[in-house]
Amino acid sequence: MGMKYNRVLVWFRNDLRVRDNEVLVKATLSAKEVIPVYCFDPRTFESTNLGFPKTGSFRAKFLLESVADLRKSLRKLGAYLIILQGKPEEEVLSLAVKHQAQAIFYSEEVTSEERNVDKSLEKSAWAQGIATETYWQSTLYHVDDLPFPVTQTPEVFTQYRKEVEKMSSIRSSFPIPFKLNFPGKDEITSVGELPDLSIYGLEEPKPDRRRLMEFIGGESSGLGRIQSYFWEKDLLKTYKETRNGLIGADYSSKFSPSLSLGCISPRMIFEEVKRYEKERKKNESTYWLIFELIWRDYFRIICKKHGDKIFQIGGIKNQEDSWSRDKSQFEAWVAGMTGVPFVDANMRELNATGFMSNRGRQIVASFLVNDLGIDWTWGASYFESQLIDYDVCSNWGNWMYVGGVGNDPRENRYFNILRQAKNYDRNGEYIRIWIPELHAIKGFDIHQPWELSTANMRSLKIQLGHTYPQPLRKIPTLEKSY
Ligand SMILES: Cc1cc2nc3c(=O)[nH]c(=O)nc-3n(C[C@H](O)[C@H](O)[C@H](O)COP(=O)(O)OP(=O)(O)OC[C@H]3O[C@@H](n4cnc5c(N)ncnc54)[C@H](O)[C@@H]3O)c2cc1C
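Residues numbered from 1 in each chain as written. Predicted model: local features only at pLDDT ≥ 70, side-chain atom pairs only at ≥ 80, totals over all residues. Heavy atoms only, no water.

Chemist: Quick question: what am I supposed to make of the domain arrangement of the protein here?
Modeler: Size of an interface: often given as the accessible area lost when the parts come together. According to the domain assignment, the protein contains domain 1 (1–137), domain 2 (138–172 + 219–306) and domain 3 (327–459). For domain 1 and domain 3, the distance between their C-alpha centroids amounts to 37 Å. Listed by partner, the interface residues are twelve residues for domain 1 and 18 residues for domain 3. For the pairing of domain 1 and domain 3, the buried interface totals around 1,200 Å² over both sides, and the portion due to carbon and sulfur atoms is 67%. Its largest share of buried area at the contact with domain 3, domain 1 owes to Leu-50, Phe-58 and Arg-59, together 53% of the area lost on that side. (Domains from an automatic or database assignment. Contact = heavy atoms within 4.5 Å. Buried area = accessible area lost by both parts, 1.4 Å probe.)

Chemist: Which parts of the structure should I look at to understand the pattern of salt bridges?
Modeler: Should the charged atoms of two oppositely charged side chains come close, the side chains can pair. One pass over the full model with this rule turns up 32 salt bridges. Residue Arg-13 is joined to Asp-118 by a salt bridge in which the shortest nitrogen-to-oxygen separation is 2.7 Å. Of the two residues, Arg-13 is situated in the loop between β1 (5–12) and α1 (22–30) and Asp-118 in helix α4 (residues 112–127); the sequence distance between them amounts to 105 residues. Judged by its relative accessible area of 8%, Arg-13 falls in the buried class. Judged by its relative accessible area of 5%, Asp-118 is buried. A salt bridge links Arg-210 to Asp-208; the shortest N-O distance between them is 3.0 Å. (Salt bridge = Lys/Arg side-chain N within 4 Å of Asp/Glu carboxyl O. Helix = DSSP H or I, 4+ residues; strand = E, 2+ residues; numbered from the N terminus. Buried < 20%, exposed > 50% of the residue type's maximum accessible area, 1.4 Å probe, protein only.)

Chemist: Honestly, the environment of Asn-116 in this entry has me stumped. Any pointers?
Modeler: Looking at the secondary structure, you find Asn-116 in helix α4. Under the relative-accessibility criterion, Asn-116 is labelled partly exposed at 46%. Note: C-alpha distance between Asn-116 and Glu-187 (71 residues apart in sequence) is 31 Å.

Chemist: For this particular structure, what's the right way to read the packing of helix α10 (residues 284–306) against helix α15 (residues 392–402)?
Modeler: Working note: a packed helix pair is described by the angle between its axes plus the distance between those axes. Between α10 and α15, whose axes approach to 9 Å, the crossing angle comes to 85°. The angle between the axes of α10 and α15 places the two elements in the roughly perpendicular class. Contact with α10, carried on its side by Arg-296, Tyr-298, Phe-299, Arg-300, Ile-302 and Cys-303, involves Cys-393, Ser-394, Gly-397, Asn-398, Met-400 and Tyr-401 of α15 and no other residues of that element. The residue inventory of the contact of α10 with α15, partitioned by class, reads seven nonpolar, three polar and two charged. (Axes fitted to C-alpha atoms, helices over the stretch in contact; angles between N-to-C directions. Parallel < 35°, antiparallel > 145°, perpendicular 65-115°, else oblique. Nonpolar A, V, L, I, M, F, W, Y, C, P; charged D, E, K, R; others polar.)

Chemist: Whenever I open this one, the site of the ligand confuses me. Can you help?
Modeler: Within the structure, the ligand sits among 25 residues, and Tyr-239, Ser-252, Ser-253, Lys-254 and Asn-358 are positioned closest to it. In the environment of the ligand, a nitrogen atom lies 3.5 Å from a nitrogen or oxygen atom belonging to the side chain of Arg-361. Here a nitrogen atom of the ligand and a side-chain polar atom of Asn-398 are 3.0 Å apart. Burial of the ligand by the protein amounts to 97% of the accessible area it has alone, namely 820 Å². Elements with a minimum of two residues in the shell around the ligand: α8 (256–260), α10, α13 (358–371) and α15. (Near = heavy atom within 4 Å. Polar contact = N/O pair within 3.5 Å; in protein donor to acceptor, adjacent residues only side chain to side chain. Areas by Shrake-Rupley, 256 points an atom, 1.4 Å probe, with all protein chains shown as cover.)

Here is the structure:
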């Protein structure tokens with residue numbers, strides 16, 4: 001069979017895997033030789049206007065591990081992963097020119113910084129007579145299989161989900177290519193080394209003994225988590241009941257860091273859910289994991305539909321800017337020093353581990369935007385820096401909805417923090433893990449230290465404003481209906 005190309009570069013981005021990777025499969029089918037490449041882009045490690053790094057050390061470490069793992073898997077298939085540093089639109093292109101590749105294959109992204117890189121790469125490749133081919137990856141439902149054009153995507157999640165579930169189907173995953181034909185050793189003399197975190201001014205994050213689990217980047221570890229969550233620990237059948245938890249490794253899947261960099265694909269998860277339903281059990285919980293993956297899809301499609309609006313203060317609604325930009329309150333929120341224990345515990349977990357539960361994310365985000373009235377994009381930027389599972393669409397999409405600038409009216413919700421505490425941390429165990437200075441307060445009282453009598457506090461050696469902050473804002477009581 002004649003091949004379309006003699007040689008193709010496969011540029012890896014947020015698809016750091018060999019299973020279910022259409023780009024890799026299509027490259028092996030259309031070229032005699034394939035050169036896989038990853039490029040570390042220094043722009044993604046720069047400082048933001050607010051002064052923290054765009055990519056913090058938890059995520060940077062996870063990324064390095066993921067690339068290292070990919071390199072190993074590709075080695076087994078007969079290829080080397082070439083590592084570059086610099087702007088991909090320049091470095092990947094010069095590599096293609098140097099090795100006379102006729103085309104560059106890569107995954108399509110939807111948000112502006114990524115798209116600008118693509119556009120610029122495509123343009124300069126074209127000028128050199130090099131073709132580019134892009135493939136849609138990352139979602140459960142392929143964008144071409146949606147029952148509406150992206151521009152007509154329903155704004156309300158439920159409507160989106162119902163239409164998709166009724167009218168679309170999920171494609172099967174791609175197998176691992178049998179073998180990659182890599183050019184001869186004499187031709188490719190240098191494959192490049194993984195950078196050190198320190199070149200981006202980052203330090204190796206210190207493991208915190210309170211962390212719920214160790215996240216290790218890479219396809220092997222992502223697959224390992226599927227294996228243990230579904231099969232060894234048999235937790236999928238109770239996912240719906242446990243998913244709002246706060247403590248430990250197993251209340252939810254913890255697939256998000258691997259999904260974000262594409263170490264595993266949602267389709268692989270979907271196929272495992274189907275197998276689990278056949279071999280073990282099928283119930284509301286097994287469906288609910290798919291339901292959550294549809295949320296993830298939804299944010300990606302909404303981002304594709306609305307372009308840059310998702311990063312703008314007015315969001316999709318073009319809402320007027322009436323936000324506060326109080327730096328010292330924002331910094332108290334960042335540091336987990338707002339004086340509201342449920343908020344502070346979650347922020348401290350994020351700072352110490354790079355992870356926070358979904359419940360926690362909603363609570364701290366609601367407190368920042370609704371109680372403090374602070375610019376929601378500040379919160380989103382901090383999460384971008386700190387989250388090990390940062391995903392541009394899921395993060396900015398979720399923040400936009402909490403900030404009330406998305407289009408779904410039901411998502412504009414105020415969280416009564418004490419009610420949340422009553423429902424999800426009734427005895428204050430979660431607070432006791434992350435706020436040792438309040439440890440001595442028994443039961444639910446730890447959520448509202450300001451309600452304790454001075455005598456009581458004195459006997460516990462706690463002094464608000466000294467050993468722990470006074471609350472930045474008075475929050476609604478338990479009985480308040482909002
Ligand atoms: C303010 C805010 C910011 C967020 N930022 C991110 C982010 O940067 N990256 C990220 O992956 N998730 C983000 N989420 C969504 C959600 O909190 C995490 O996906 C989830 O907590 C990850 O843990 P898990 O894998 O154990 O989730 P599980 O409960 O096991 O869910 C399985 C998968 O479904 C997807 N998912 C679940 N909930 C959501 C959701 N609300 N939106 C989109 N996808 C979802 C994720 O891919 C997740 O891995 C954010 C949520 C909020 C409220």
